[in-house]
Amino acid sequence: MDPVLNDFQPYLLGFAYTLLLFVFAGVLSTLLGVVLVAMRVGPVAVLRAAGATYVTVVRNTPLVIIFGFFTFVAPIFGVKFGWLDIRIGDVVLDDLFGAAVVALSLYTSAFVCEALRSGVNAVPLGQAEAARAIGLPFGGVLREVVLPQAIRASVPPLASVQIALIKNTSVAAVFGVAEAVAQMRSFTNNFSSERTGIFIMFAIGYVVIVEVFSFGATRLERRYRVAT
Amino acid sequence: MSTAVLFDAPGPATRLRHLVYTIVTVVVLVALVAFAVVKLAADDQFTGDKWEVFTTPDYVRILLVDGLLQTLKMAGAAVVGAVVLGFFLGVGKLSDHAVVRWPCWAFVELFRALPVLLLMVFTWYLLGIANDASSFRAVVIALMLYNGSVLAEVLRAGVLAVPRGQAEAAYALGMRKSQVMTIVLMPQAVKIMLPALISQCVVALKDTALGQYVAAPGLTFVSRQIYTEFSNRVPSVFVVAAIYIVINLLLTALATWVQRRYVGERKQLEVLATGTADQTTI
């Protein structure tokens, strides 16, 4: 534990990266997930098929390989993040960070889509039928009636998806982002006799982040729960 | 709710509009694929010598035996361990004795909140990074702890999903708690949770790819050897991804089949990462 406590800066920096990855990828994946679910439940067959294919492929690919795709393959398509260079104190958001955010967002969006779809399925039939009966088009049915209720019903699965995202940010360590797991590995490398203490310190960090988020989600779920 | 209730049967104008959407989507998708193919071709990624290795019998054997088989071994060992661990933790979480219930609850909560990669790195250093076998074991142990904790929740949800009357009837017959659990509840719970268990195998299998951070054997390791030798990084990313996707699709299909065959219309069990403070017992 001492090595971390004596040199606390990298520890905080690591979790700062973890949180930044989580916030950016969380927002992006939610937006993309909503688009995907609209495609998957919509009236255009080609969009439905495209959405389903995307979700199936992404969900069954290990996240490491999606990261690998954005590191080695995407540059060939001209998808590079070299333009990204934001410095806030010691936090440097560079091309590696950009690639990590995109990889995490694309991966998580498939799970967000599935969570929302289960929410859409939980909305009572009569709601959509009534919306159609008053003349709303598909966009209106989804925007005004079904999605607001679906999002309420899918708060718990969406929260699970985002908690998985918090943990998945650690994969960015494999591709050179100096987030918490990467910091832990370098601490352990330098002070291998203290490995258990170092592990406990970093474990506490993750548990705190996950439990705080989980607490908030539970509160939100209670508040938004559809009366049955 | 099936999707068809979200929109009316299209009239002539809407059909035309949908046709326009369809054509636009197809054009965009085809353009994206064409763009990708042209860019890859311009970068010489389709040349025979970059792909030849994946049709050479010796290398295919290395990829399948040293790569896929090792990956499956890691995932298999982890899942077996996770099932055993999950059984004890899950039953422990359902115990009437708070002294058993709370430690099991704390264990499950802790290992569900930690990234698998964190566990892998720690176990790897704990077992000694100089030892070659420790990477393999680190991956197995980390996956076992994480998936075991998830399966504990699955088992608990499965047992609680058995209709309450079953346990009550068993108690009325004079069975002991352990008999109720093993003779009445568990056989029914296993059936309910089998599809979720198979889906968890997909998670474990995908996470074996993380082993590359702790120098573990398996597909990602072999693909690294191949692309450093033949400098065909892009093809190897595609090949490894394809292998993972195919196996995961097979597992998912198996889960769906088991669900239909043994569970029926009920939704597949899903365990959530939130709101797990519930301490219901049987």
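Owing to the predicted nature of the structure, the values given are computational and were not obtained by experimental measurement.

Caption draft 1: Structural context of the overall build of chain B. For chain B, the count of helices and strands is 10 helices and zero strands. Taken from the N to the C terminus, the helices and strands of chain B come in the order α-α-α-α-α-α-α-α-α-α. Scaling as 2.2 N^0.38, a compact globule of 282 residues should have a C-alpha radius of gyration of about 19 Å, whereas chain B reaches 24 Å, well beyond that. The principal-axis extent of the C-alpha atoms belonging to chain B is close to 75 × 70 × 30 Å. Counting every position in chain B, which comprises 282 residues, the buried fraction comes to 45%. For chain B, restricting intrachain contacts to residue pairs at least 6 apart in sequence, the fraction spanning at least 24 positions comes to 78%. For chain B, the accessible surface area stands at approximately 13800 Å², while carbon and sulfur atoms represent 68% of it. Of the side-chain charges in chain B, 22 are positive and 17 negative, and the distance between the mean point of each set is 9 Å.

Caption draft 2: Representation of the layout of surface pockets in the model. Here the second largest pocket defines a volume of roughly 1300 Å³. For the second largest pocket, the lining is made up of 35 residues, of which Y54, V58, F69 and L106 of chain A together with L32 of chain B are closest to its centre. Those elements that provide at least two residues to the lining of the second largest pocket are α2 (8-41), α3 (45-59) and α4 (63-73) of chain A together with α1 (12-42) and α10 (233-263) of chain B. Among the elements that line the lining of the second largest pocket, the one with the most residues is α1 of chain B, at nine residues.

Caption draft 3: Structural detail: unusual backbone geometry. All names here are of chain B. The phi dihedral of A215 is positive, around 55 degrees, even though this residue is not glycine. Here A215 lies in the loop between α8 (177-207) and α9 (219-230). Residue class for A215 comes out partly exposed when judged on its relative accessible area of 43%. The backbone phi angle of S231 is positive, close to 40 degrees, even though this residue is not glycine. Counting through the fold element by element, S231 comes out in the loop between α9 and α10.

Caption draft 4: Layout of α3 of chain A. Residue and element names in this part refer to chain A. Taking 1.5 Å of rise per residue, the 15 residues of α3 would be expected to cover 21 Å, and the 21 Å separating its terminal C-alpha atoms lies within 8% of that figure. Within the span of α3, buried status applies to G51, V55 and V58. One side of α3 holds all its buried residues, which, seen down the axis, span an arc of 80 degrees. Against α2, α4 and α5 (95-122) lie the buried residues of α3.

Caption draft 5: Fine view of the packing of helix α3 (residues 57-93) of chain B against α8 of chain B. Residue and element names in this part refer to chain B. Relative to each other, α3 and α8 sit at 140 degrees, their axes nearing to 11 Å. Accordingly, the angle class assigned to the pair α3 and α8 is oblique. Two packed elements cross with a definite hand, and for α3 against α8 that hand is right-handed. Residue-level inspection shows T71, L72, A75, V79, V83, F87 and V91 of α3 in contact with α8, the latter providing M186, L197, C201, A204 and L205. Tallied by class, residues from the contact of α3 with α8 come to 11 nonpolar, one polar and no charged.

Caption draft 6: Seen up close, empty space enclosed by the protein. Applying the stated criterion to the full structure yields one cavity of 30 Å³ or more. What lines the largest cavity is I163, V210, E211 and S214 of chain A together with E109, R112, A113 and A273 of chain B. Of all the secondary structure elements, the ones that give two or more residues to the lining of the largest cavity are α10 (195-224) of chain A together with α4 (98-113) of chain B. For the lining of the largest cavity, the per-class residue count stands at four nonpolar, one polar and three charged.

Caption draft 7: Seen up close, the environment of Y17 of chain A. Residue and element names in this part refer to chain A. Structurally, the position occupied by Y17 is in helix α2. Between the C-alpha atom of Y17 and that of S170, which follows or precedes it by 153 residues, the distance is 9.8 Å. In this structure, Y17 is in contact with D90, V91, V92, L93, F97, V177, A178 and E179, ignoring residues within four places of it in sequence.

Caption draft 8: Representation of the interface of chain A and chain B in the model. On the chain B side, the residues contacting the 64 residues of chain A number 57 residues. In total, chain A and chain B occlude about 5300 Å² of area from one another, counting both sides; carbon and sulfur atoms represent 73% of this. When the area that chain A buries against chain B is broken down by residue, the three leading residues are N60, I76 and R185 of chain A, summing to 13%. Taken together, chain A and chain B are joined by one salt bridge. A salt bridge links D8 of chain B to R132 of chain A, with the nearest nitrogen and oxygen atoms 2.8 Å apart.

Caption draft 9: Just a negative patch on the surface, in detail. Taken together, the side chains of D43, D44, D49 and E52 of chain B make up a negatively charged region of the molecular surface. Note that D43 of chain B resides in the loop between α1 and α2 (48-51).

Caption draft 10: Representation of the nonpolar core in the model. Counting residues in each nonpolar core, the largest one holds 140 residues, and the members touching the most others are F67 and F202 of chain A together with L118 and M120 of chain B. Per-element accounting of this core gives the leading share, 15 residues, to α8 of chain B. Not counting chain neighbours up to four residues away, the residues in contact with M120 of chain B comprise A138, V139, A142, L143, D207, L210, G211 and V214 of chain B. Counting residues in hydrophobic clusters, the runner-up holds 15 residues, among them V41, A128, V145 and L147 of chain A.

Caption draft 11: Layout of the environment of P235 of chain B. Residues and elements named next belong to chain B. When you line up the elements, P235 lands in helix α10. By relative accessible area, P235 is classed as buried at 0%. For the pair P235 and P217, spaced 18 residues apart in sequence, the C-alpha to C-alpha distance is 20 Å. Leave out the neighbours within four places in its chain, and P235 touches Q45, K50, W51 and F54.

Caption draft 12: View of α1 of chain B. For α1 of chain B, spanning 31 residues, the distance from its first C-alpha to its last is 44 Å, which sits close to the expected 45 Å at 1.5 Å a residue. The elements touched by buried residues of α1 of chain B are α3 of chain A together with α10 of chain B. The first or second residue beyond α1 of chain B is D44 of chain B, which carries a positive phi of 60 degrees.

About the cut-offs
- Residues numbered from 1 in each chain as written.
- Chains lettered and ligands numbered in written order.
- Predicted model: local features only at pLDDT ≥ 70, side-chain atom pairs only at ≥ 80, totals over all residues.
- Heavy atoms only, no water.
- Helix = DSSP H or I, 4+ residues; strand = E, 2+ residues; numbered from the N terminus.
- Rg over C-alpha atoms; globule rule 2.2 N^0.38 Å.
- Buried < 20%, exposed > 50% of the residue type's maximum accessible area, 1.4 Å probe, protein only.
- Contact = heavy atoms within 4.5 Å.
- Areas by Shrake-Rupley, 256 points an atom, 1.4 Å probe, with all protein chains shown as cover.
- Lys, Arg positive; Asp, Glu negative; His and termini not counted.
- Charge placed at Lys NZ, Arg CZ, Asp CG, Glu CD.
- 1 Å grid on protein atoms, 1.4 Å probe; cavity = no way out; pocket = protein on both sides within 12 Å on 5 of 7 lines; lining within 4 Å.
- Points joined across faces, edges and corners; volume = space filled by probe spheres on them.
- Expected span 1.5 Å × (residues − 1).
- Arc of directions from axis to C-beta.
- Axes fitted to C-alpha atoms, helices over the stretch in contact; angles between N-to-C directions.
- Parallel < 35°, antiparallel > 145°, perpendicular 65-115°, else oblique.
- Left-handed = near helix turned anticlockwise from the far one by under 90°.
- Nonpolar A, V, L, I, M, F, W, Y, C, P; charged D, E, K, R; others polar.
- Buried area = accessible area lost by both parts, 1.4 Å probe.
- Salt bridge = Lys/Arg side-chain N within 4 Å of Asp/Glu carboxyl O.
- Patch = residues over 30% accessible without salt bridge, like charges linked within 9 Å, V, L, I, M, F, W, Y side chains within 5 Å.
- Core = buried A, V, L, I, M, F, W, Y, C linked by side-chain atoms within 4.5 Å.

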